[in-house]
Amino acid sequence: MASSPRPDFWSDLSGFGSSDNSSDARAALLKVNAEMFVAAAARDRESIETFESLVLGFLPKTDATTRRDLALILKPCPDTPASILDYLARHSPEAVNVHYDHAVHPSYPFGERQLATPEGRLALASQPDLDPATIHKLLVLREDAVEDVLAANPAFLPDTAHFADLLRRARRRPALATILLDRADLPTAAQAALYLAASRERREAIRERIAASLAHRRVSLTFTLTEQDRADLLAASLKGDDHRLETILTALFGFPASTEWRLLAIGRHRLLALALNVLGVTRRDAIGIFLNLHPALSYPFSAIRPLVQEMRDVPGPVALALIECILDVRTLSGEALA
């Protein structure tokens, strides 16, 4: 039974008992409200109980044809009260098998009813037998709570297009990234994509996995900054022009023009350190960029320390692989991580 705001199934039933109503009009209104009940996306307990009371109150005033029509309308609906079905079965020979049909032929799958409410979607997202169509219907609504439950569901396999979609969302939502990082089955590339949201210990582990993945191939870094490149980077940082700095980085790495660095977003400052590392920017120049680009990078002054450590501790090839996975782009390294 789904929970939802109470639908108004019986808005036209208030005058059913008046002498002005003909039996035909009464039957028509009862059938209309039954159809509204069945068609509702969700029905809460109060709505069902109220519908039950009203219908039972008027069923004795209906003829056999109306009861047969009501049985045909209501029997496929899983939320139809058993008391209504009992009455119809007892008083309408045509509806004698209503219980059997109701149990075996629901009007729509249970999962469809769950999709109608936030509570139902949360419950559905934790199920161990989710199919791609249901996952799509859950993800398309873009509910953070549902995405979090899906991310923790081991039945939601990483080697699927829908999981790749969730991973893209996690790049922008650290809370979701944290949940995904707790999975034991997360591939190296997916872990690298969520590197910025990882704890210090997890970042170290991710770097080690990337280094092991790169060990079997030769990765040659060919980034060589000219004096003009160096001057452009420093000038952009002195002006606090993050857009210009990101445009320069995009050009130097050969990334698509549409690449979104978002270097100054909280939680993404390490990405700048990784980029300067790969490009071979000296520690002195890097500190100058951190100091001038935005106060959030350098206040308090100790904030610069983890950025400098990122440059010092991450080998160039590993840093490049991390950048590619975080930004979901490829450059000179060509081959993607497994």
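Residues numbered from 1 in each chain as written. Predicted model: local features only at pLDDT ≥ 70, side-chain atom pairs only at ≥ 80, totals over all residues. Heavy atoms only, no water.

Visitor: Hey, could you run me through the environment of H269 in this one?
Guide: Position of H269 relative to the elements: it lies in helix 16 (residues 269-279). Residue H269 is classed as buried on the basis of its relative accessible area, which comes to 13%. Along the chain, H269 and A296 lie 27 residues apart, while their C-alpha atoms are 9.1 Å from each other. Contact partners of H269, with chain neighbours within four places excluded, come to L263, L264, A296, L297 and L307. (Helix = DSSP H or I, 4+ residues; strand = E, 2+ residues; numbered from the N terminus. Buried < 20%, exposed > 50% of the residue type's maximum accessible area, 1.4 Å probe, protein only. Contact = heavy atoms within 4.5 Å.)

Visitor: It is not clear to me how the packing of helix 9 (residues 144-152) against helix 11 (residues 174-181) should be interpreted in this structure. Could you clarify?
Guide: Packed helices, taken two at a time, are described by their axes: the angle between them and the distance between them. Running from amino to carboxyl end, helix 9 crosses helix 11 at an angle of 15°, the nearest separation of the two axes being 8 Å. By the angle class used here, helix 9 and helix 11 are roughly parallel. At the point where helix 9 passes helix 11, the crossing takes the right-handed sense. Contacts from E147, D148, A151 and A152 of helix 9 reach helix 11 at L176, I179 and L180. Taken together, the residues of the contact of helix 9 with helix 11 break down into five nonpolar, no polar and two charged. (Axes fitted to C-alpha atoms, helices over the stretch in contact; angles between N-to-C directions. Parallel < 35°, antiparallel > 145°, perpendicular 65-115°, else oblique. Left-handed = near helix turned anticlockwise from the far one by under 90°. Nonpolar A, V, L, I, M, F, W, Y, C, P; charged D, E, K, R; others polar.)

Visitor: Please clarify how the nonpolar core should be interpreted in this entry.
Guide: Within soluble globular proteins, side chains that are nonpolar tend to cluster in buried spots. Core analysis: the largest hydrophobic core is formed by 72 residues, its most contacted members being F253, W261, L272, F290, L322 and I323. Sorting elements by how many residues they give to this core places helix 20 (residues 316-327) first, with nine residues. If we skip the residues at most four places from it in the chain, L272 touches L245, L249, L263, I289, F290, L293 and L297. Formed by 16 residues, the second largest nonpolar core is a distinct cluster that contains L30, I48, I84 and Y87. (Core = buried A, V, L, I, M, F, W, Y, C linked by side-chain atoms within 4.5 Å.)

Visitor: Which parts of the structure should I look at to understand the pattern of salt bridges?
Guide: In a structure, side chains of opposite charge can pair up when their charged atoms sit close to one another. For the structure shown, the criterion picks out 18 salt bridges. The partner of R168 in a salt bridge is D165, with the nearest N and O atoms 4.0 Å apart. Linking R168 with D165, this pair stays in helix 10 (residues 161-170), spanning three residues, or about one helical turn. Residue D165 is classed as buried on the basis of its relative accessible area, which comes to 18%. A salt bridge links E204 to R200, with the shortest nitrogen-to-oxygen separation between them at 3.3 Å. In this pair, E204 and R200 are both assigned in helix 13 (residues 200-214), four residues apart and thus about one turn of the helix distant. Through salt bridges with shared partners, a single network forms among D144, E147, D148, D165, R168, R169 and R173. (Salt bridge = Lys/Arg side-chain N within 4 Å of Asp/Glu carboxyl O.)

Visitor: What am I meant to see in unusual backbone geometry here?
Guide: A cis geometry characterises the amide bond from Y299 onward to P300, with omega recorded as -5°. Locating P300 in the fold gives a position in the loop between helix 18 (295-298) and helix 19 (304-313). Its identity as a non-glycine residue notwithstanding, R142 has a phi of 55°, on the positive side. Of note, D328 is a non-glycine position whose phi angle comes to about 60°, a positive value. As for its position among the elements, D328 is in the segment after helix 20. Among the residues examined, D328 registers a relative accessible area of 45% and is labelled partly exposed.

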